[in-house]
Amino acid sequence: MQKGIDKMEINAVYVLWLRDIKRFIRAKSRIIGILMMPLFFLLGLGLGLGSLIHLSTGGSYLDFIVPGIIGMSLLFTAVSSGTAVLWDRQFGFLKEILVTPNSRISIVIGRILGGASTALIQSVIVILISILIGFNIHMSPALILAPVFMALIAATFIGLGLTLGSFISDFQGFQLVTSFFTMPLFFLSNGIFPISVLPQFVKYITYANPLTYGIDGLRITLSGSGTFSIWTDLAAMLISTAIMIALSAYAFKKTDVG
Amino acid sequence: MQPFVDVKNLRKLFGNFTAVDGVSFSIGKGEIFGILGPNGAGKTTTISTILGIEKQTDGKIVVDGLDNLKHPKEVKQIIGFMAQETIVDSELTGRQNLALGADLYHIPKSEIPSKVSFALRESQLEKFADVKASNYSGGMKRRLYLVKSMLHEPKLLILDEPTTGLDIQNRVQMWKDIRKLKADGVTIILTTQYLEEADALCDNIAIIDHGKIIAQGTPSQLKKMIASGNVLEIITKPENVEQVRKMLKAKFGLNSTAVNDKIEATVEKSPLDTFQRILNALKSSKAPVLSVSLRLPTLDDVFIKLTGASLRDAEQKADASQSNKAVR
Ligand SMILES: Nc1ncnc2c1ncn2[C@@H]1O[C@H](COP(=O)(O)OP(=O)(O)O)[C@@H](O)[C@H]1O
Ligand SMILES: [Mg+2]
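Remember, predicted model here, so these are calculated numbers, not experimental data.

Draft legend 1. Spotlight on a nonpolar patch on the surface. Residues and elements named next belong to chain A. A contiguous nonpolar patch, built from Ile32, Met36 and Phe40 and spanning about 330 Å² of accessible area, is present on the exposed surface. Mapped onto the elements, Phe40 comes out in helix H2 (residues 28–48). On the basis of relative accessible area, Phe40 is assigned to the exposed category, the value being 57%.

Next comes the structure, spelled out in structure tokens:
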């Protein structure tokens, strides 16, 4: 009996994941919209500003910033797919799932995997475009860890989105709160600048920001050099993922479905 | 015989607000059970606990012999649900919506296509099966939703205000569909704010207000609660209301209630004869009378007798507040 139920839960996770993918593929305008921001950053910062900047650490600015831009697009997509819970609640879809014989936790996991998959597809597109405009991808065995870092960044921030989406019920206030979180998370990370150039107190903030370790991990795996060791990055991301998923599962349990 | 649904002393608190306050009822297999009450009475909360959307604070719910807290999944598997708002994923086609629903109820993959086609036929949506649901009309979405909630062949169907907001044509269709499901042997719980609906469809009714059941029985039992008599209704000018009420009390010993310009009283004995004498008395009192009528009691009279307020007034207030919401 117990086994049968576990199989049912896996089926539910799969079904909800598939729903996310189907919806993503159907909404072509959304795909384009989602790619716009990283493309602007890539062209404006990577090529434009990059031609003026010479990093003390050596290497081209484009190679430095591509992992940062991937981190940013993962952050934004992840938070917004996490907050889709809010939409589900708004349109009653949450209630619709809750009356079926599936547990809330498989609903959360289905959402996280669906969001992470779409965020990963998006990152791959960004990497391909970056290569076209001159990004030197660093070929090494560590490259296989790049998708792992992407998935962990996505999972952490989907967790954040889910948590926010579960607590905030007013839609307009919601968009404000979302950007209140995402903007500082990106700008107070190592996304655009190396940590070494930041003033001391900003440094401490970036050290506390999980995105910093995610982007550093991407830098090591994609561009070949980073600030911390890859194991520090990996450990930090695993911890933040675990914390955020636990938090979102808790918040989701409390959420009001009416 | 053991009831199919048995609810005992159900209570649900939100914070320290009591939304459902000690509700008990039982439903026989194959019955249509109506929960009738104004907006905010606790109808949705009551069924949400049966459905497992909300956890009851207190009380016992047993469906088909299964306790809802001990066997949540088994209970959910035998219940179908249609919420008050139409829940259809408009990004997906009708067919995809049904397939998703079937998957979430763990219908074996091999059975899904035939079940989905059957549901499409039943809802007369075959031609639109592969069109995105965002292009469906309100009535089409409602039909899609109803067949979706029946895909896993539930033994118990719960309908939350199935006809609120539907036009007459769609309402009549929905009543037909509900009767057909009953004929197929499905036990049905429906909530409604409409007296006519409860009267027309339900075998048993619980009238609920402020989270409490204030009366329960078959429609005719409930109407008999108003004593055996008939309802006298007089409409006059607001300034004459008191005069007429005093006259009714003094000459005929009738206790009346008044809402604006409408006076109501129950006439217990020899109604026709009394009616005649009241007409004469009204004539000689010279109070301006706009209408006088004598009729059989309705469920609304039961509600007024028990709560002092009309269900229709509550209904109108609710409608007004709802349309405000829509405008905002
Ligand atoms: N999630 C909730 N949190 C707080 N109060 C609620 C919640 N859901 C319903 N209520 C309150 O409980 C009462 C009953 O609501 P409901 O069951 O929806 O009534 P009905 O369906 O009869 O219109 C209302 O006063 C409503 O405001
Ligand atoms: Mg309701």
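Draft legend 2. Main features of the interface of chain B and chain A. Tallying the contact residues gives 24 residues for chain B and 28 residues for chain A. Summing both partners gives a buried area of about 2500 Å² for chain B against chain A, and 61% of it is carried by carbon and sulfur. Interface area lost by chain B to chain A is led by Lys73(B), Leu104(B) and His106(B), which between them contribute 27%. Taken together, chain B and chain A are joined by 4 salt bridges.

Draft legend 3. Structural detail: the sheet that holds strand S8 (residues 187–192) of chain B. All names here are of chain B. Taking strand neighbours across the sheet as the criterion, the 6 strands line up as S6-S7-S8-S3-S9-S10 in an open arrangement whose pairing is mixed. In the strand order of this sheet, the two ends are held by strand S6 (79–82) and strand S10 (212–217), each with one partner. On average, each strand axis in the sheet is inclined to that of its neighbour by 15°, with strand direction left out of account. Across 4 bridges, S6 lies against strand S7 (residues 156–160) in parallel orientation. Residue Phe81 lies in a different strand from S7, and its bridge partner there is Ile158. This element, helix H5 (residues 138–150), spans S6 and S7 of the sheet and lies at about 165° to S6.

Draft legend 4. Representation of the packing of helix H3 (residues 94–104) of chain B against helix H4 (residues 112–122) of chain B within the structure. Residues and elements named next belong to chain B. Following both chains from N to C, one finds H3 and H4 inclined at 130°, their axes separated by 10 Å at the closest point. In this view, H3 runs oblique relative to H4, as classed from their interaxial angle. Crossing of H3 over H4 shows right-handed handedness. Of the residues in H4, those touching H3 at Arg95, Leu98, Ala99, Ala102 and Asp103 are Ile112, Val116, Ala119 and Leu120. Classifying every residue of the contact of H3 with H4 by side-chain character gives 7 nonpolar, no polar and 2 charged.

Draft legend 5. Representation of the site of ligand 1. Contacts to ligand 1 come from 12 residues, most closely from Gly40(B), Gly42(B), Lys43(B), Thr44(B) and Thr45(B). The site occupied by ligand 1 is bordered by residues of chains A and B. Between an oxygen atom of ligand 1 and a main-chain N or O atom of Lys43(B), the distance comes to 2.8 Å. Within the side chain of Thr45(B), one N or O atom sits 2.5 Å away from an oxygen atom of ligand 1. Residue assignment for the shell around ligand 1 shows that the elements contributing at least two residues are strand S2 (17–27) and helix H1 (43–51) of chain B. A total of 3 residues in the shell around ligand 1 trace back to one element, the largest contributor, which is H1(B). When its residues are assigned to classes, the shell around ligand 1 shows 5 nonpolar, 5 polar and 2 charged.

Draft legend 6. Spotlight on the nonpolar core. Grouped together as the largest cluster of nonpolar side chains are 73 residues, with contacts concentrated most on Ile50(B), Val63(B), Ile158(B) and Ile189(B). Here this core takes 6 residues from H5(B), the largest share from any one element. Setting aside its immediate chain neighbours within four residues, Ile158(B) contacts Ile47(B), Ile50(B), Leu51(B), Ile79(B), Gly80(B), Phe81(B), Met82(B) and Ile189(B). Listed in part, the 67 residues of the second largest apolar core include Ile69(A), Ile127(A), Leu162(A) and Leu234(A).

Draft legend 7. Summary view of the domain arrangement of chain B. Domain annotation of chain B identifies domain 1 (5–217) and domain 2 (228–296). Here the C-alpha centre of domain 2 of chain B lies 42 Å away from the C-alpha centre of domain 1 of chain B.

Draft legend 8. Summary view of the pattern of salt bridges. Evaluated as defined, the whole model comprises 22 salt bridges over all chains. Salt-bridge contacts for Glu9(A) lead to Lys73(B); the nearest nitrogen and oxygen are separated by 2.4 Å. Of the two residues, Glu9(A) is situated in helix H1 (residues 2–26) and Lys73(B) in helix H2 (residues 72–77); the pairing between them involves two chains. One salt bridge connects Lys262(B) with Glu264(B), and the closest N-O pair in it is separated by 3.9 Å. What makes Lys262(B) partly exposed here is its relative accessible area of 31%. Judged by relative accessible area, which is 11%, Glu264(B) ranks as buried. Within the structure, one salt-bridge network assembled from shared partners comprises Glu233(B), Lys262(B), Glu264(B) and Arg295(B).

Cut-offs and rules
- Residues numbered from 1 in each chain as written.
- Chains lettered and ligands numbered in written order.
- Predicted model: local features only at pLDDT ≥ 70, side-chain atom pairs only at ≥ 80, totals over all residues.
- Heavy atoms only, no water.
- Patch = residues over 30% accessible without salt bridge, like charges linked within 9 Å, V, L, I, M, F, W, Y side chains within 5 Å.
- Areas by Shrake-Rupley, 256 points an atom, 1.4 Å probe, with all protein chains shown as cover.
- Salt bridge = Lys/Arg side-chain N within 4 Å of Asp/Glu carboxyl O.
- Helix = DSSP H or I, 4+ residues; strand = E, 2+ residues; numbered from the N terminus.
- Buried < 20%, exposed > 50% of the residue type's maximum accessible area, 1.4 Å probe, protein only.
- Contact = heavy atoms within 4.5 Å.
- Buried area = accessible area lost by both parts, 1.4 Å probe.
- Pairing = 2+ DSSP bridges.
- Axes fitted to C-alpha atoms, helices over the stretch in contact; angles between N-to-C directions.
- Parallel < 35°, antiparallel > 145°, perpendicular 65-115°, else oblique.
- Left-handed = near helix turned anticlockwise from the far one by under 90°.
- Nonpolar A, V, L, I, M, F, W, Y, C, P; charged D, E, K, R; others polar.
- Near = heavy atom within 4 Å.
- Polar contact = N/O pair within 3.5 Å; in protein donor to acceptor, adjacent residues only side chain to side chain.
- Core = buried A, V, L, I, M, F, W, Y, C linked by side-chain atoms within 4.5 Å.
- Domains from an automatic or database assignment.

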